[in-house]
Amino acid sequence: MDQYDYLILDIIQEYKENHHELIRLSSIEQTFWKRIEDDVTLSVGQAKIGERITNLYLKGLIQNRSGYSLTKRGREELVEQLV
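Reading guide: rules and limits
- Residues numbered from 1 in each chain as written.
- Predicted model: local features only at pLDDT ≥ 70, side-chain atom pairs only at ≥ 80, totals over all residues.
- Heavy atoms only, no water.
- Core = buried A, V, L, I, M, F, W, Y, C linked by side-chain atoms within 4.5 Å.
- Buried < 20%, exposed > 50% of the residue type's maximum accessible area, 1.4 Å probe, protein only.
- Helix = DSSP H or I, 4+ residues; strand = E, 2+ residues; numbered from the N terminus.
- Contact = heavy atoms within 4.5 Å.

Undergrad: Which parts of the structure should I look at to understand the nonpolar core?
TA: Nonpolar side chains in soluble globular proteins tend to be buried together. Ile8, Leu9, Ile12, Ile28, Phe32 and Ile62 are the most contacted members of the largest nonpolar core, which has 20 residues in total. If you tally residues by element for this core, the top one is helix H1 (residues 3-19), at seven residues. If sequence neighbours within four positions are ignored, Leu9 has contacts with Met1, Leu56, Leu61, Ile62, Leu70, Gly74, Glu77 and Leu78.

Undergrad: Just checking my understanding: could you explain unusual backbone geometry for this structure?
TA: Leaving glycine out, the prevailing phi sign among residues is negative, and the prevailing peptide bond configuration is trans. Of note, the phi angle at His20 is positive, near 55°, even though the residue is not glycine. When you line up the elements, His20 lands in the loop between H1 and helix H2 (25-36). Among the residues examined, His20 registers a relative accessible area of 70% and is labelled exposed.

Undergrad: I tried to follow the side chain of Ser69 on my own but got confused; where do I start?
TA: Here Ser69 is to be found in strand E2 (residues 68-70). Once you skip the residues sitting within four places of it in the chain, Ser69 turns out to touch Ile12, Leu22, Leu61, Ile62 and Gln63.

Structural data, given as structure tokens:
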């Protein structure tokens with residue numbers, strides 16, 4: 001996992017805290033691109049946000065039940081990264 005995977009986890013968690021609801025894929029993508037638009041080290045091809053979200057799902061860090069949220073493991077991973 002790299003900083004962009006953690007960014008996705010942060011976007012999902014922040015949305016849930018602020019809106020008290022699950023986030024849709026389109027909102028994740030929109031917020032992701034807004035946050036990295038000034039990052040000149042990442043190309044569009046490297047971002048592969050769909051692939052990143054799929055990998056986070058397969059690793060058990062996020063779940064999708066009519067919207068995305070972090071699993072317990074995903075929350076723990078995000079907290080560990082912030083420390």
